[in-house]
Amino acid sequence: MQTKIEKISPLSAFAVNNIQESSTLPMDFLSFREKLSLANISHLQKKMEWKGARMAIKLALESIQLPYPGFYKDSHGKSHTMDGYGFVSLTHHGDLAAAIFHKEMPVGIDLEKVREKTVPLGKKYLDPKEMDFLGKDPYLYSLAWSVKETIFKCQGRKGISLRQNILLQPFTRNESVIKGKIYGTDFADHHYSVKVISENDIILTYTIW
């Protein structure tokens, strides 16, 4: 998947970028708190992933003409704007990082590579009803994982099980939007729509409204 920046609406945008390329770019736009966080990351790959995600959200914000406010993580691991305005989600996989921002609505985003092992692992994150329509297709299993991760990130709280609390409606390889819901928790019957973009063996999913 190539680097891209897409304005979804006047209130929302996402960006995907290569973390190898981001690692050499200046990060002067970071807040003081973020610069401290970055300085405390000793693992080189994790540092590159962190920088790549911050660069992605900066690019997304620029596309809808918003300043970079700085971000922090809460006790659930969900990122928030430091100025309290808007919603953000960050992700990375391999050499790619991605981010999505919405000025008014919670968001989620995920990057995954299509992997054969998602099929035998299906029982760990899929409901039996979902396995019935997914067959044994590694692409569909990887896509189901990515969509559930996106929904999980959007709701932003720990204690939600991908298998027991997130249920996806039947979908095929040709779907560009997949619907799902959280059930069996305090957030029961909260419905989500998730956009799908796939290129080669990389899947990008993010929440839409």
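Let us look at the structure shown here. Bear in mind that the values here come from a model prediction, so they are computed numbers and not experimental data.

Parameters at a glance
Residues numbered from 1 in each chain as written. Predicted model: local features only at pLDDT ≥ 70, side-chain atom pairs only at ≥ 80, totals over all residues. Heavy atoms only, no water. Core = buried A, V, L, I, M, F, W, Y, C linked by side-chain atoms within 4.5 Å. Buried < 20%, exposed > 50% of the residue type's maximum accessible area, 1.4 Å probe, protein only. Helix = DSSP H or I, 4+ residues; strand = E, 2+ residues; numbered from the N terminus. Contact = heavy atoms within 4.5 Å. Pairing = 2+ DSSP bridges. Axes fitted to C-alpha atoms, helices over the stretch in contact; angles between N-to-C directions. Parallel < 35°, antiparallel > 145°, perpendicular 65-115°, else oblique. Nonpolar A, V, L, I, M, F, W, Y, C, P; charged D, E, K, R; others polar.

Quick look at the nonpolar core now. Most often, soluble globular proteins keep nonpolar side chains buried together rather than apart. Core analysis: the largest hydrophobic core is formed by 23 residues, its most contacted members being Leu134, Leu143, Val147, Ile151, Ile166, Leu168 and Phe171. Looking at this core, the elements with two or more residues in it are α6 (138-155), β8 (166-168), β9 (177-182) and β10 (190-199). Element by element, the count of residues in this core is highest for α6, at eight residues. If we ignore the near neighbours within four places in the chain, the residues touching Ile151 are Ile166, Leu168, Gly180, Ile182, Tyr192 and Val194.

Now for the sheet that holds β9. On the basis of which strands lie adjacent, the open sheet formed by five strands has the order β7-β11-β10-β9-β8 and antiparallel pairing. On the outer flanks of this sheet lie β7 (109-113) and β8, each paired with one strand and no other. Taking the axes of each pair of neighbouring strands and ignoring which way they run, one obtains an average angle of 30° across the sheet. The sheet contacts of α6 involve β7, β8, β9, β10 and β11 (202-208), and relative to β11 the element is tilted by about 35°.

Take the pairing of strand β1 (residues 4-9) next. Across five bridges, β1 lies against strand β2 (residues 12-18) in antiparallel orientation. Note that in β2 the partner of Lys4 across the bridge is Val16. The turn linking β1 back onto β2 is made up of two residues.

Here we take up the packing of helix α2 (residues 32-39) against helix α3 (residues 44-63). Packed helix pairs are characterised by how far apart their axes lie and by the angle those axes make with each other. One can describe the packing of α2 onto α3 by two numbers: an axis separation of 10 Å at closest approach and a directional angle of 155°. Regarding the angle of α2 to α3, the classification is roughly antiparallel. Of the residues in α3, those touching α2 at Glu34, Ser37 and Leu38 are Lys47, Trp50, Lys51 and Arg54. Considering only residue class, the contact of α2 with α3 consists of two nonpolar, one polar and four charged.

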